Amino acid sequence: MSHEGEVRAIAFLDETTLVSGGADGRVIRWDLLSGAGQVLRREEDPIIAVAADASRIAVAAGRELAGGRVLQLDPKGRELAAWKGDEELTRLLFSGAGDLLVGGEEALRLWRAGGRAPQVLEEHEGEPVRGLARSGERVVVLTADGARLLTPGRGGALAAGGLPEAQPRPRGSGVSRRALAASLDGGRAAASIAIGMVGKEVQLHVWELAERGAWRLSLGPGAAPEALAFASDGEHLFGIPEQPLLRVWSLAARREALAVPLPASARSLAVAHGRVVVGLRDSTLLVWDEAALLAGRVEPARRLGSDRLRHGDVVSSLAYFADGRLVSGSWDGSAAVWGEDGQALARLLDADPDGGVEAVAASPDGRHLAVRGRARARVHDLEARAWVAETRVDEGCGGLAFAGRGDVLVIGGAARVLVWRWRQGKVARRALKRKERVSAVAAAGDLVAVGQAGAAAVLDLDGPGEVALAVGGAPAGVAITADGATVWTGGPRVATWDARTGRRGAAQLAEAPGRSHAVGVTADGARVAASCERSGAHLVDVWDVATGKRLARLAGHSDQVSAVAFHPAGDRVATGSWDATIRLWPLAGPAAAPRRRAAAPPPEVSFDAESVESEEAYTDLLQRFADASAGAFRPQEIEEEHGDDHVRLAFRLGGRDYERSLERTRDWVDPTFVDLINEALADQGEARRFVLRDADAWTCYVFTAPPGAGTSRPAASGRGQAAPPRRGTKKKAEKRGKKKGAGAGKAAKRASASRTRSGR
């Protein structure tokens, strides 16, 4: 649950319950213990102000230069009374005994408990109420021409008295009063004030109410804070300036005590019951422990309403990294990486310069993000913050997935898929039997599931065959389990298939949804999720595969659901929609069991041993070993110098220089360069090493902690077997035998030396 725009007003109902109003017209009640939100009401106009006491909630809704509407609700959102005003209503405050003060552009009104409508307390022209704050039994009113103190008199009348200015107003200067706060003990009130026609100086004016005196604290040039709130000790003041900051001032020391960065700018603030709550313009709320902030400790804030993330257009694709980071792509041309709490970690605004992002994929190493745009596919290195590879693709088609061990990207095309070995810059085209454009792609190891209009297919990148799946009807979304055994398809109905035989699977859903645009499955195949539509609602159903029972029906998107992805733990699901939002849904009940370590082996690097024909081959291999080490091995200042019979390889790591002369009597990789990497890792205090694992003619090193011996054979990746022989392996093995007897080979023909440098 979340707002769909900025949070404009916040009020505490009690010590565990918060009420917020947003630009979307929603009034949401929050349980601070569970973090759950409940929509109490939705108005057509934005919510301007919210007030609450133990038994009632007051809400003001309206638009600029238009009439406003004030409602009084019970804690469950039921309407108790309503009043339609003829002016913009700016502030609300329960003043005691159930009375409600309503501040507007033209008048200050008092709505008596049980009354049918507010009564005019005082009228004003051009001096709208900018703040209402309760201080003990009295009320402070802030307008553009000053501040007044309202004191209860006989018969409930409120007697007004002006508060002194902290300093004379400079001649010819304008004054803009933006926010007001008052301490609960009735001792102080404060206002943020900008002096000058364009706010040349910002000040905090502080009134000592008991002494009827005032003093000021200069904050320098800029915009005045939009919201203020006193701390529970009455000696500190919290404020929200125009910048994305939460500021804390010590009134005793008369200086700023703390500034807390915010993920977005804010507009609303509330402090009570030991909590500090800030409403952000990105539609979420942050909650801190007040005591920690007053002690100067900036601890991570709790985030409410973070189940909805935004793009500027249709969310076209979602994918998860193994560590739980979420990747999204949008027709607005951007891609984004989101943390577990919904915070944006990276946003690539130039993901597709040609138009919009059609698909995204997350690499197994956690470092690379791939995007498929309208006319090109690209790979982004998140650590280097740079695009590192690019290729042209068929327009009007969709689908993208990392395959193999992450060195291959499979891209949907027109009646074909493109198999892009992106590190090497090589693209192969694989024709499909059905002459329809590809709508979706999913991969597990070397098995690739492809969705087309009315059909689907399974390809093995190591073989020429194609297994057809008779989906029928609309374009098929596809998902595949991590072991590559089972494929799920959308389309006219959600169905499961044996990936090797193409036969319809035995799993049956008790109430299979109708036409599905998106489908997702957990890594172990225990749960499946599919989009569907019921009576105009855009839904996602989640099913337990073993029992066929529906676990959840997720409702909340306002347009077609276009993407579904399960978190690696299987206990939550992310959905993307044409409404430009992403929602994060926790799933009730026991989470799907994560895959055992054997199904997710340590990082590995696999390559053809005959691969040093390029004069930057070792530089490229060092980069691949660095990627697999997940940050443990980061070589710098790489030098690769080729001679007639040797290659000098050097790099710098952790302030130390490493160098080795490698044999170049043939075009085969000299494996002693891996010894140099392991030596550098040992010097860094890293326990893991790159350990050789034989895989026919393909050389494979695994980054792991070897159990004593110099070599080990960890569990294989993919479908639970050793790395399979690839196409052409037999010929390469024969060629390798000949090479070993032939001696120099192509290396003897190289006469010139080259020198390359890389900071990668």
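The residue count restarts for each chain, going from 1 along the sequence in the order it is written. Per-residue local features are limited, in this predicted model, to residues with pLDDT of at least 70; the limit for side-chain atom pairs, both in listing and counting, is 80 or more; totals at the level of whole chains, interfaces and linings are taken over all residues. As a rule here, side-chain values cover all heavy atoms of the structure and leave hydrogens and water aside.

A. Spatial organisation of the overall build of the protein. Think of it this way: any DSSP run of H or I at least four residues long counts as a helix, any run of E at least two long counts as a strand, and we number them from the N terminus. Scanning the protein from terminus to terminus reveals 4 helices and 62 strands. Think of it in three bands: residues with accessible area under 20% of the maximum for their type are buried, residues over 50% are exposed, and the middle band is partly exposed, with areas taken using a 1.4 Å probe on protein chains only. Buried residues in the protein amount to 54% of all 760 residues. Between two residues, a contact is recorded if the distance between any of their heavy atoms is within 4.5 Å. Across the protein, the fraction of contacts at a sequence separation of at least 24, relative to all contacts at a separation of at least 6, is 43%. Accessible area of the protein: about 32,400 Å², with a carbon and sulfur share of 47%. Each accessible area value is a Shrake-Rupley result obtained with a 1.4 Å probe; residue values ignore everything except the protein chains displayed when judging cover.

B. Region of the structure containing the side chain of Thr-90. On the secondary structure map, Thr-90 appears in strand S9 (residues 89–96). Given the relative accessible area of 5%, Thr-90 is considered buried. Polar contact criterion, stated in full: a pair of N or O atoms within 3.5 Å, where within protein one must be able to donate a hydrogen and the other to accept it, and residues adjacent in sequence count only if both atoms are side-chain atoms. At a separation of 2.7 Å, a polar atom in the side chain of Thr-90 contacts the main-chain carbonyl oxygen of Val-129. Excluding its chain neighbours within four sequence positions, the residues that come into contact with Thr-90 are Ile-48, Ala-49, Gly-103, Gly-104, Glu-105 and Val-129.

C. Region of interest: the packing of aromatic side chains. Any two rings among Phe, Tyr and Trp, with Trp reduced to its six-membered ring, count as a pair given centres within 6.5 Å; such a pair is stacked if its planes are under 30 degrees apart, edge-to-face if over 60, and tilted if neither. Under the counting rule described, the total for this entry stands at 9 aromatic pairs. Ring centres of Phe-402 and Trp-422 lie 6.5 Å apart, and the angle between their planes is 80°; this geometry places the pair in the edge-to-face category. Of the two residues, Phe-402 is situated in strand S38 (residues 400–403) and Trp-422 in the loop between strand S40 (416–421) and strand S41 (426–431); the sequence distance between them amounts to 20 residues. Accessibility assignment for this pair places Phe-402 and Trp-422 in one class, buried. Ring geometry for Phe-625 against Phe-690: centres 4.7 Å apart, planes inclined by 70°, an arrangement best described as edge-to-face. One end of the pair, Phe-625, is in helix H2 (residues 617–628); the other, Phe-690, is in strand S60 (residues 689–695), and 65 residues separate them in sequence. For the pair shown, Phe-625 and Phe-690 are each scored as buried. In this structure an aromatic cluster arises from ring pairing among Tyr-618, Phe-625, Phe-673, Phe-690, Tyr-701 and Phe-703. Both a distance and an angle decide whether a charge sits over a ring: NZ of Lys or CZ of Arg must be within 6 Å of the ring centre and within 35 degrees of the ring normal. Over the face of the ring belonging to Phe-321 we find Arg-325, whose NZ or CZ atom lies 4.2 Å from the ring centre.

D. Inspection of the sheet that holds strand S37 (residues 386–392) at higher detail. When DSSP finds at least two bridges between two strands, those strands are taken to pair. Strand order in the open sheet formed by 4 strands is S34-S35-S36-S37, and the pairing between neighbours is antiparallel. Edge strands, defined here as strands with exactly one partner in the open sheet, are strand S34 (359–362) and S37. Strand after strand, the sheet turns through a mean of 15° between neighbouring axes, direction not considered. Relative to strand S36 (residues 376–381), strand S35 (residues 368–372) runs antiparallel, the two being bridged by 5 bridges. Note on S36: the bridge partner recorded for His-368 is Asp-381. Every angle, taken between N-to-C directions, lies between 0 and 180 degrees, and every axis is a line fitted to C-alpha atoms, over only the stretch in contact when it is a helix.

E. Molecular detail of empty space enclosed by the protein. Two kinds of site are reported from a 1 Å grid over the protein atoms alone, namely cavities, where a 1.4 Å probe fits but cannot get out, and pockets, open sets with protein on both sides within 12 Å along at least five of seven lines, and residues are called lining when an atom falls within 4 Å of a point. Grid points are joined across faces, edges and corners, and a volume is the space filled by probe spheres set on the points. By the definition in use, this model includes 5 cavities of 30 Å³ or more. As for the largest cavity, its lining consists of Tyr-320, Gly-324, Leu-326, Trp-338, Gly-339, Glu-340, His-567, Arg-572 and Leu-584. Partitioned by chemical class, the residues of the lining of the largest cavity number 4 nonpolar, 3 polar and 2 charged. For this classification, Asp, Glu, Lys and Arg are treated as charged, while Ala, Val, Leu, Ile, Met, Phe, Trp, Tyr, Cys and Pro are nonpolar and the rest, including Gly, are polar.

F. Here's a closer look at the nonpolar core. To form a nonpolar core, buried Ala, Val, Leu, Ile, Met, Phe, Trp, Tyr and Cys residues must be joined to one another through side-chain atoms within 4.5 Å. Counting 26 residues, the largest nonpolar core has Phe-625, Phe-633, Phe-651, Phe-673 and Phe-690 as its most contacted members. Those elements giving two or more residues to this core turn out to be strand S56 (604–608), H2, strand S58 (646–653), strand S59 (656–663), helix H3 (672–683) and strand S61 (698–704). The residues touching Phe-633, leaving out its near neighbours within four places in the chain, are Leu-622, Phe-625, Ala-626, Phe-651, Leu-653, Ile-677 and Leu-681. Val-248, Val-276, Leu-286 and Trp-288 belong to the second-largest nonpolar core, a separate cluster that totals 19 residues.

G. Seen up close, the sheet that holds S38. Spatially, S38-S39-S40-S41 is the arrangement adopted by the 4 strands of the open sheet, whose pairing is antiparallel. In this open sheet, the two strands that pair with only one neighbour each are S38 and S41. In this sheet, adjacent strand axes meet at a mean angle of 25° when their direction is disregarded. Note: strand S39 (residues 408–412) against S40, 4 bridges, orientation antiparallel. The partner of Leu-409 across the bridge, within S40, is Trp-420.

H. H3, seen in detail. Given a helix with a known number of residues, its expected span is that number minus one, times 1.5 Å. The terminal C-alpha atoms of H3 lie 17 Å apart, and with 12 residues this matches the ideal 16 Å at 1.5 Å per residue to within 8%. All of the buried residues along H3 are Phe-673, Val-674, Leu-676, Ile-677, Asn-678, Ala-680 and Leu-681. Phi turns positive, to about 80°, at Gly-685, one or two residues after H3.

I. Looking closely at the pairing of S41. Relative to S41, S40 runs antiparallel, the two sharing 6 bridges. Its bridge partner being in S41, Trp-420 is matched across the sheet by Val-427. Following S40, the chain reverses through 4 residues before pairing antiparallel with S41; Gly-425 in that reversal takes a positive phi of roughly 75°.

J. Geometry of the environment of Leu-158. For Leu-158, the location among the structural elements is in strand S16 (residues 158–162). The exposure class of Leu-158 is partly exposed, given its relative accessible area of 22%. In sequence terms Leu-158 and Arg-138 are 20 residues apart; their C-alpha atoms lie 8.9 Å from each other. Among all residues touching Leu-158, those that are not within four sequence positions of it are Leu-101, Leu-121, Leu-150, Thr-151 and Pro-152.

K. Main features of the confidence of the model for the protein. Confidence in the prediction for the protein averages 79 pLDDT; 82% of positions are at 70 or higher. For every residue, the predictor reports its confidence as pLDDT, a number between 0 and 100. Taken together, the stretch residues 590–600 has pLDDT below 50 and engages in 15 contacts with residues farther than four places along the chain or on a different chain. When the criterion is pLDDT under 50, residues 708–760 qualifies, and its contacts beyond four places in sequence or with other chains add up to 109 contacts.

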